[in-house]
Amino acid sequence: MKLLTTLACMLFAGHVVAAPCNKMAALEVQVMISEFAKTQVGRDTVTVTWTSKMDKQSEEKLLAMTKGYADMDACLSGEAREIHFYRKSKLVGVASPTSGIRLVK
C-alpha cells in the first residue's frame, strides 16, 4: 500500500508528464509499477494486466494508476499509445490517444 501511495504521489507531483517528460522519473515509475502490472506490447495496442494487488483499490486509485501508467508509457515510448487494462480477463480501463483515459465498468 505504501508503494502505491508513493507512486501516486510521484505521478501527481508532476514527475511524469506528457512532453517534455522526465525519463529518469518514468523509469523509476516503471520499476515501481511492475509489481502491480504485467505488460504485453502488441502491434497496435499495449495490454496491461493488473495483479491481485489492485483488487481492493478504489476507483480513484485505479484511475490514478491507469493514468500514471499511460503517462509513463508515453514518456518512455515517445508517443501516446492505445493501452487496454485488464483484471481477471475483464477489461477495466482504456488509455487512448484519441479518446483519453477512462475506467470501464
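Below is a summary of the structure that appears in this document. It should be emphasised that the depicted structure is a prediction, and the values quoted were computed from it without experimental measurement.

**Re the pairing of strand β2 (residues 46–50)**
Line of reasoning, step 1. The side-chain alternation of β2 yields one buried face, formed by Val-46, Val-48 and Trp-50, and one unburied face, formed by Thr-47 and Thr-49.
Line of reasoning, step 2. Here strand β1 (residues 37–41) pairs with β2 via 5 bridges, running antiparallel. Along β2, the bridge assignment pairs Thr-39 with Val-48.
Line of reasoning, step 3. What sits between β1 and β2 in their antiparallel hairpin is a turn of 4 residues.
Line of reasoning, step 4. Sheet analysis places β2 next to strand β3 (residues 83–87), joined by 4 bridges and oriented parallel. Note that in β3 the partner of Thr-49 across the bridge is Tyr-86.
Line of reasoning, step 5. Where the polypeptide runs from β2 across helix α3 (residues 59–77) and back to β3, its parallel neighbour, the crossover connection is right-handed.

**Describing unusual backbone geometry**
Line of reasoning, step 1. Residue Lys-88 is not a glycine yet carries a positive backbone phi of 55°.
Line of reasoning, step 2. Along the chain, Lys-88 falls in the loop between β3 and β4 (90–96).
Line of reasoning, step 3. Here the phi dihedral of Ser-89 falls at roughly 65°; this positive angle occurs in a residue that is not glycine.
Line of reasoning, step 4. The class of Ser-89 is exposed, set by a relative accessible area of 73%.

**Regarding the pairing of β3**
Line of reasoning, step 1. Here β3 runs beside β4; their pairing, made up of 5 bridges, is antiparallel. Residue pairing across strands places Phe-85 opposite Gly-93, the latter belonging to β4.
Line of reasoning, step 2. Hairpin connection between β3 and β4: a loop of 2 residues separates the two successive antiparallel strands, and Lys-88 in this loop has a positive phi of roughly 55°.

**Details of the sheet that holds strand β5 (residues 100–103)**
Line of reasoning, step 1. Pairing is mixed across the open sheet formed by 5 strands, whose spatial order is β1-β2-β3-β4-β5. Edge positions in the sheet fall to β1 and β5, since each has one partner strand and no second. Going across the sheet, the axis of each strand differs from the next one's by a mean of 20°, ignoring polarity.
Line of reasoning, step 2. This element, α3, spans β1, β2, β3, β4 and β5 of the sheet and lies at about 150° to β5.

Analysis parameters
- Residues numbered from 1 in each chain as written.
- Predicted model: local features only at pLDDT ≥ 70, side-chain atom pairs only at ≥ 80, totals over all residues.
- Heavy atoms only, no water.
- Buried < 20%, exposed > 50% of the residue type's maximum accessible area, 1.4 Å probe, protein only.
- Helix = DSSP H or I, 4+ residues; strand = E, 2+ residues; numbered from the N terminus.
- Pairing = 2+ DSSP bridges.
- Right-handed = clockwise from strand over helix to strand, strands pointing away.
- Axes fitted to C-alpha atoms, helices over the stretch in contact; angles between N-to-C directions.
- Contact = heavy atoms within 4.5 Å.

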